[in-house]
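Residue-level structure breakdown
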Amino acid sequence: QVQLVESGGGLVQPGGSLRLSCAASGTIFSINVMGWYRQAPWKERELVATGTSSGSTNYADSVKGRFTISRDSAKTTVYLQMNSLKPEDTAVYYCQYQTGYLEVWGKGTLVTVSS
């Protein structure tokens with residue numbers, strides 16, 4: 001069983017930065033994908049960025065050049081560095097761990113971008 005714990009959300013002004021972290025614990029397979037999704041009020045959950053255990057990354061067009069996903073050397077923690085934040089980035093951000101048939105979600109952390 002895998003558990004995910006997210007941290008780092010909060011209130012930030014437009015143009016500011018935040019760093020989200022997600023730590024996985026339990027039975028972690030060496031080959032996996034960890035990533036971030038977000039859900040704004042009245043909208044569907046959408047991909048933000050993913051990173052594989054082999055080092056590949058994928059970003060939504062809306063965050064390219066502003067957000068950076070990274071993994072720790074143990075491949076059990078994923079980070080999301082968010083720069084140049086915009087009000088439209090306001091959402092609950094969810095961490096996801098995926099390996100083979102297994103998909104696990106975190107409880108989410110709220111990011112609010114407002115002046």
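Shown above is the structure to which this text applies.
Below or above, wherever it landed, is the structure these notes cover. (Residues numbered from 1 in each chain as written. Predicted model: local features only at pLDDT ≥ 70, side-chain atom pairs only at ≥ 80, totals over all residues. Heavy atoms only, no water.)

Take the overall build of the protein next. Tallying secondary structure elements over the protein gives 0 helices and 11 strands in all. For a compact globule of 115 residues, the expected C-alpha radius of gyration is about 13 Å, and the protein comes in at 13 Å, within 12% of that figure. If one aligns the C-alpha atoms of the protein with their principal axes, the spans along those axes are about 40 × 25 × 20 Å. Contacts in the protein between residues far apart in sequence, at least 24 positions, make up 52% of those at least 6 positions apart. About 6,300 Å² of surface is accessible on the protein, with carbon and sulfur atoms providing 51% of the total. Distance between charge centres in the protein, computed from 10 positive and 8 negative side chains, equals 4 Å. (Helix = DSSP H or I, 4+ residues; strand = E, 2+ residues; numbered from the N terminus. Rg over C-alpha atoms; globule rule 2.2 N^0.38 Å. Contact = heavy atoms within 4.5 Å. Areas by Shrake-Rupley, 256 points an atom, 1.4 Å probe, with all protein chains shown as cover. Lys, Arg positive; Asp, Glu negative; His and termini not counted. Charge placed at Lys NZ, Arg CZ, Asp CG, Glu CD.)

A word on the packing of aromatic side chains. Counting across every chain of the model gives 1 aromatic pair. Their ring planes at 65 degrees and their centres at 5.0 Å tell us that Tyr37 and Trp105 sit as a pair that is edge-to-face. Remark: Trp105 occurs in strand β10 (residues 102-105) and Tyr37 occurs in strand β4 (residues 33-39); sequence separation between them is 68 residues. Here Arg19 stacks its cationic end above the ring of Tyr79, 4.1 Å away from the centre of that ring. The lysine or arginine in question, Arg45, covers the ring of Tyr94, its NZ or CZ lying 3.7 Å from the ring centre. (Phe/Tyr/Trp six-rings, centres within 6.5 Å; stacked < 30°, edge-to-face > 60°. Lys NZ or Arg CZ within 6 Å of the ring centre and 35° of its normal.)

If you walk across this open sheet you meet the 4 strands as β1-β3-β8-β7, and the pairing is antiparallel. A strand with exactly one partner marks an edge of an open sheet, and here the two such strands are β1 (2-7) and β7 (67-71). This sheet shows a mean twist of 15 degrees between the axes of neighbouring strands, independent of strand direction. For β7 and strand β8 (residues 77-82), the ladder comprises 5 bridges, and the chain directions are antiparallel. (Pairing = 2+ DSSP bridges. Axes fitted to C-alpha atoms, helices over the stretch in contact; angles between N-to-C directions.)

With respect to the element layout, Thr50 can be found in strand β5 (residues 46-52). For Thr50, a relative accessible area of 13% gives the class buried. Those residues within four positions of Thr50 in sequence are excluded, and the remaining contacts are Val33, Met34, Gly35, Tyr37, Ser56, Thr57, Asn58 and Ile69. (Buried < 20%, exposed > 50% of the residue type's maximum accessible area, 1.4 Å probe, protein only.)

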